[in-house]
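# Topology and contacts: notes
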Amino acid sequence: MIQNEELTSNAYEDLRFQRVIVEAMGELLPGKLLAECDLTHAQSILEIGCGAGEWLRAIARRYPDLQCIGIDQDVYLMKAANALAYRDGLAQVAFLAVEMSDIPPTLFPEGSFDLVHLSFLGRYILTTDYLALAQVCAALCRPGGVVCWTEAELPMTTSAAFERLTALVCEALQCAGQSFIPESMWEWAELVAASSGKPGVDRSSYKRRHLGITPMLGRWLRDAGCGALRERPIYSIWGIDERVIHHAVYTIEVSAGQPAHEGFVVQARRFARQVKPFLLRNRVIEEKEYAALCDQLDTELTSQEFCGLSFLISAWASRT
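So, a few notes on the structure that sits alongside this text. None of these values were measured; they are calculated from a predicted model.

## Observations regarding helix α5 (residues 130-140)
When we look at burial in α5, the residues that qualify are Y130, L133, A134, C137, A138 and L140. With its buried residues spanning 160 degrees around the axis, α5 presents them on a single face. Buried residues along α5 sit in contact with β1 (44-48), β4 (113-119), β5 (141-152) and α8 (217-223).

Shown next as structure tokens:
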């Protein structure tokens, strides 16, 4: 029996929203991935960023012979996830509290898992070296196994307050050097401007409107050594693109009256609370203005007129 203290309000909210996401995606894993990694013959699976464990428990119910391990850094979420697995009689499922930024290389032996699945790690953008994490995942995946990474950008909405919040987060990330725009990109822009005799783009005038994490998934997987070699390599001015990365795209409507709306509102409120210190520390907004923005956000998100779409991408590749 799950005690009230085990299933905290945050765990309950996370659980409900995970369930909505799984239902909206319509599949636990892309069909093409399952054709490549047949879990009916697999032995073990690891999920990184598992939250309350809804996805992993659904996998365990579908594949009862599969050993399933989930890790996340929220101790209370992991306690709740283990309690839910126990309630459901899923003895083959276990959840561990581990810092995303510091997964010990000795936590599991190399090549332990047939599938390593990373889930929505954009929330750790300030603390995680994603390329290093992808390399850890590749090492934990057995040769011929699959590394799959599911990620999302912040939703597009009709809420002026939410769009302003998104812009502030992107501005603060840029100030903190966490915008996923490498220094070499700016160097190229400066060289082009110098050779053309035209003024270059002033970095301070650049306003990014999305996190930019989803375009990076394929690069991180390739750089970690994932992806089968193409039968016919594609040549470009940058060399040969030899590794194949697969993608599946999903959209989830978070508009008022839709199944995902209530969960999105809860997550948006939590997100606004979590990013407040970061935004204030980088001086992209003052505290009084931010309080007014949050009031506006709450009003707009709960309006019957509110509309929004969230875009999710799953990128996966075999470990060669």
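## Considerations on the pairing of β4
Most of β4 is tucked away, with seven of its seven residues classed as buried. Bridge analysis of β1 against β4 gives four bridges, and the strand direction is parallel. Residue E47 lies in a different strand from β4, and its bridge partner there is H117. As judged from the six bridges shared by β4 and β5, these two strands associate in the parallel manner. Bridge pairing links V116 to V147 in β5.

## What to know about helix α3 (residues 54-62)
Most of α3 is tucked away: seven of the nine residues are buried. Residues of α3 that are buried: E54, W55, L56, R57, A58, I59 and A60.

## A look at the pairing of strand β3 (residues 93-97)
The pairing of strand β2 (residues 67-72) with β3 spans five bridges and is parallel. Across the sheet, the residue bridging to G70 is F95, located in β3. This β-α-β element, β2 to helix α4 (residues 75-87) to β3, shows right-handed connectivity.

## With respect to the packing of helix α6 (residues 160-175) against helix α9 (residues 261-281)
Contact geometry for α6 and α9: axes closest at 11 Å, N-to-C directions at 35 degrees. Considering the relative orientation of α6 and α9, their crossing is left-handed. Note on element contacts: α9 touches α6 through F264, A268, F271, A272, V275, F278 and L279, opposite F162, L165, L168, V169, A172 and L173. Of the residues in the contact of α6 with α9, the class split is 13 nonpolar, no polar and no charged.

## Let's talk about the packing of aromatic side chains
The relation between two aromatic rings is expressed through the spacing of the ring centres and the mutual angle of the planes. Within this structure, the stated rule accounts for six aromatic pairs. Taken together, a centroid distance of 5.2 Å and an interplanar angle of 85 degrees make the contact between F108 and F113 edge-to-face. An angle of 10 degrees between the planes, with centres 5.8 Å apart, marks the rings of F264 and F306 as stacked. Here F306 lies in the loop between α10 (287-301) and β10 (308-318) and F264 lies in helix α9, a separation of 42 residues in the sequence. When its relative accessible area of 3% is taken as the criterion, F306 is described as buried. Ring pairs connect the aromatic residues Y130, W149 and W220, which therefore count as one cluster.

## Section: unusual backbone geometry
Positive phi, close to 50 degrees, is recorded for F120, a residue that is not glycine. Assignment of secondary structure puts F120 in the loop between β4 and α5. Phi at R283 is positive, roughly 60 degrees, even though this residue is not glycine. Residue position: R283 is located in the loop between α9 and α10. Looking at R283, the relative accessible area reads 76%, which means it is exposed.

## Describing the nonpolar core
In a soluble, globular protein the nonpolar side chains are often hidden away together inside. Counting 99 residues, the largest nonpolar core has I48, I59 and L279 as the members making the most contacts within it. Sequence-distant contacts of L279, defined by excluding residues within four places in its chain, comprise L165, L168, V169, A172, V284, I285 and Y290.

Rules used throughout
- Residues numbered from 1 in each chain as written.
- Predicted model: local features only at pLDDT ≥ 70, side-chain atom pairs only at ≥ 80, totals over all residues.
- Heavy atoms only, no water.
- Buried < 20%, exposed > 50% of the residue type's maximum accessible area, 1.4 Å probe, protein only.
- Helix = DSSP H or I, 4+ residues; strand = E, 2+ residues; numbered from the N terminus.
- Arc of directions from axis to C-beta.
- Contact = heavy atoms within 4.5 Å.
- Pairing = 2+ DSSP bridges.
- Right-handed = clockwise from strand over helix to strand, strands pointing away.
- Axes fitted to C-alpha atoms, helices over the stretch in contact; angles between N-to-C directions.
- Left-handed = near helix turned anticlockwise from the far one by under 90°.
- Nonpolar A, V, L, I, M, F, W, Y, C, P; charged D, E, K, R; others polar.
- Phe/Tyr/Trp six-rings, centres within 6.5 Å; stacked < 30°, edge-to-face > 60°.
- Core = buried A, V, L, I, M, F, W, Y, C linked by side-chain atoms within 4.5 Å.

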